[in-house]
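What follows is each chain in one-letter form.
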Amino acid sequence: MIIVIMVLSTVVLIGAAVVVFTRTPARQAVTLSVYGLLLTVLFVALQAPDVALSQLAVGTAVVPLMVMLAVRKVVAYRRTGRDDR
Amino acid sequence: MSRTVRMIMLAVGLLGAAGVLGAGVVGLPAFGGDRHPYRDLAVSAGLQRATANVVSSINFDQRALDTFGEETILVASVAAVAALLRPSRTERRRRVGSGLPVLESTRLLTVIFFPVTVLVGIDVVAHGAITPGGGFQGGVVLATGLHLLYVGGRYRLLERLRPIRIFEITEGVGLVIFIAIGLAGLAIAGQLFRNVLSYGQLAQLTSSGTVVLLSCAVGMAVVSSVVVLLAGFLEQALALVEVSEPDQSDEEAAR
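Residues numbered from 1 in each chain as written. Chains lettered and ligands numbered in written order. Predicted model: local features only at pLDDT ≥ 70, side-chain atom pairs only at ≥ 80, totals over all residues. Heavy atoms only, no water.

Q: Give a description of the overall build of chain B that names residues and reports values.
A: If you tally the helices and strands in chain B, you get 10 helices and 2 strands. The secondary structure elements of chain B, listed N-terminal to C-terminal, are α-α-α-α-β-α-α-α-α-α-β-α. Relative to the globule expectation of 18 Å for 255 residues, the C-alpha radius of gyration of chain B, 23 Å, shows a markedly less compact shape. Summarising its shape, the C-alpha atoms of chain B cover approximately 65 × 60 × 40 Å along the three principal directions. Evaluated residue by residue, chain B yields a buried proportion of 34% over its 255 residues. Taking contacts inside chain B between residues at least 6 apart in sequence as the whole, the part at least 24 apart equals 72%. Looking at chain B as shown, the accessible area adds up to about 14,800 Å², and 67% of this sits on carbon and sulfur atoms. (Helix = DSSP H or I, 4+ residues; strand = E, 2+ residues; numbered from the N terminus. Rg over C-alpha atoms; globule rule 2.2 N^0.38 Å. Buried < 20%, exposed > 50% of the residue type's maximum accessible area, 1.4 Å probe, protein only. Contact = heavy atoms within 4.5 Å. Areas by Shrake-Rupley, 256 points an atom, 1.4 Å probe, with all protein chains shown as cover.)

Q: Kindly report on the overall build of chain A, identifying the contributing residues and their values.
A: Across its full length, chain A holds 3 helices and 0 strands. Along the chain direction, N to C, the helices and strands of chain A fall in the order α-α-α. Here the C-alpha atoms of chain A give a radius of gyration of 17 Å, more than 25% beyond the 12 Å that 2.2 N^0.38 yields for 85 residues. Counting only C-alpha atoms and orienting by the principal axes, one finds that chain A spans roughly 60 × 25 × 10 Å. Scored against the burial criterion, the 85 residues of chain A give a buried share of 31%. Long-range contacts, defined here as pairs at least 24 residues apart, represent 51% of the contacts in chain A between residues at least 6 apart. In the form shown here, chain A has an accessible surface area of approximately 5,400 Å², with 72% of it arising from carbon and sulfur atoms.

Q: Tell me what's going on with the packing of helix α3 (residues 54–62) of chain B against helix α9 (residues 210–239) of chain B, and back it up with residues and numbers.
A: Residue and element names in this part refer to chain B. Look at α3 against α9: their axes get within 9 Å of each other, and the N-to-C directions meet at 85°. The angle between α3 and α9 falls in the class roughly perpendicular. Where α3 abuts α9, its residues Ser 56, Phe 60 and Asp 61 lie against Val 211, Leu 214, Ser 215 and Val 218. Among the residues forming the contact of α3 with α9, the class breakdown is 4 nonpolar, 2 polar and 1 charged. (Axes fitted to C-alpha atoms, helices over the stretch in contact; angles between N-to-C directions. Parallel < 35°, antiparallel > 145°, perpendicular 65-115°, else oblique. Nonpolar A, V, L, I, M, F, W, Y, C, P; charged D, E, K, R; others polar.)

Q: Can you break down the interface of chain A and chain B residue by residue, with the values?
A: Opposite the 20 residues of chain A that make contact, chain B presents 24 residues. Each partner contributes to the roughly 1,900 Å² buried at the junction of chain A and chain B, and carbon and sulfur atoms together form 75% of this total. When the area that chain A buries against chain B is broken down by residue, the three leading residues are A:Asp50, A:Leu69 and A:Lys73, summing to 31%. Where chain A meets chain B, there are 0 salt bridges. Our enumeration of links across chain A and chain B arrives at 5 residue pairs in polar contact (both at pLDDT 80 or more). (Buried area = accessible area lost by both parts, 1.4 Å probe. Salt bridge = Lys/Arg side-chain N within 4 Å of Asp/Glu carboxyl O. Polar contact = N/O pair within 3.5 Å; in protein donor to acceptor, adjacent residues only side chain to side chain.)

Q: A description of the packing of aromatic side chains should follow, citing residues and the corresponding values.
A: Residue and element names in this part refer to chain B. A complete count under the given rule lists 4 aromatic pairs over all chains for this structure. Considering the side-chain rings of Phe 68 and Phe 178, the 6.0 Å spacing of their centres and the 15° angle between planes classify their relative orientation as stacked. Here Phe 178 lies in helix α8 (residues 164–189) and Phe 68 lies in helix α4 (residues 64–84), a separation of 110 residues in the sequence. Judged by centre distance (5.3 Å) and plane angle (55°), the rings of Phe 178 and Phe 193 are tilted. Of this pair, Phe 178 sits in helix α8 while Phe 193 sits in the loop between α8 and α9; the two residues are 15 residues apart in sequence, bridging distant segments of the chain. Phe 178 sits in the buried class, given a relative accessible area of 0%. Here a set of aromatic residues connected by ring pairs shows up, and it is made of Phe 68, Phe 178 and Phe 193. (Phe/Tyr/Trp six-rings, centres within 6.5 Å; stacked < 30°, edge-to-face > 60°.)

Q: Any chance you could break down the pattern of salt bridges for me, citing the residues and the numbers?
A: Residues and elements named next belong to chain B. All chains considered together, the criterion is met by 6 salt bridges over all chains. Here Arg 63 and Asp 66 are joined by a salt bridge, their closest N and O atoms 3.1 Å apart. Arg 93 is the salt-bridge partner of Glu 159, the closest N and O atoms lying 2.9 Å from each other. Pair noted here: Glu 159 is in helix α7 (residues 155–161) and Arg 93 is in strand β1 (residues 91–93), with a separation of 66 residues, a long-range link.

Q: So what's going on with the environment of B:Leu161? Which residues, and what values?
A: All names here are of chain B. Following the sequence through the fold, Leu 161 ends up in helix α7. Residues Leu 161 and Leu 149, spaced 12 residues apart in sequence, show a C-alpha to C-alpha distance of 9.8 Å. Here Leu 161 is in contact with Phe 114, Leu 149 and Phe 167, once residues within four sequence places are set aside.

Q: Can you tell me about the packing of helix α6 (residues 135–151) of chain B against α9(B), naming the residues and giving the values?
A: All names here are of chain B. Between α6 and α9, the least distance of the axes is 7 Å, while the angle of their chain directions is 35°. Between α6 and α9 lies a crossing of right-handed hand. Only Ser 215, Val 218, Gly 219, Val 222, Val 223, Val 226, Val 227, Leu 230, Leu 234 and Leu 238 of α9 make contact with α6, whose side of the interface consists of Gly 135, Phe 136, Gly 139, Val 140, Leu 142, Ala 143, Leu 146, His 147 and Tyr 150. (Left-handed = near helix turned anticlockwise from the far one by under 90°.)

So, in structure tokens, the structure goes:
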């Protein structure tokens, strides 16, 4: 079990680095979502199903969706701003 | 307050936090070890109160006041976000059309997973005292399930299924029910959030006294919070468009 946890922790750390070094916010939402999924697997391996469930719903679904919608709004706002001028 | 004073105060605060945190971490039992004093106490207390899910027993019974604080923070921050995302004077609402075409496979998966996710969400909330999960987890799953409709391109249907006015009310009602159960404990047993109902039999749906009720109250508040939160973002991204000048009729109404 300790090997599984070590491997998963390493994968999670790599995933976190990928999220941090993704520069475009829209792409970052996708990598963040995948990172949330990795974290969920780690929590299950650590026998914390309650936390895994929260992480899956909040970190993998809700937060990336909020980021995507915010990006969409910003893009639309910039477009109308340019049209007006 | 000048910048230097603020920086000094920040440094003092960070040092203090680091000191306390360091002392706490050093005192923790080793990772993967056999000695878990807190677990031993919490598990025996949970089983004494016939709560099979000890995590729920801690959240809603042994440390219910902490959960009340967390729930209040959640509701307050969602209210703040809703205030921030309200339509500004230069924004007008437009009808959201079907928009971009959605892949047939996405549509199919949405149709399959919408009822399944909603059912799982209700199950997780209702069985919070017995199986892993509880009000928060189930509430978020439920809200996520509802928003699968948006992913499947059915935004209008989503709007009709979650009238925001009602969800704004149920958000507050969930919080009120939570504190009402806590006050009932105070009134009957003289202790806030005291588990005053009969514990029942371990692993039965009606076991664990107030835990299952508090779980449902939290579920109600959380599902409403997440729906209101995402509704604010969805409105901003899809329905509200920027217009260069505030509407003439609006100006007249303002006068």
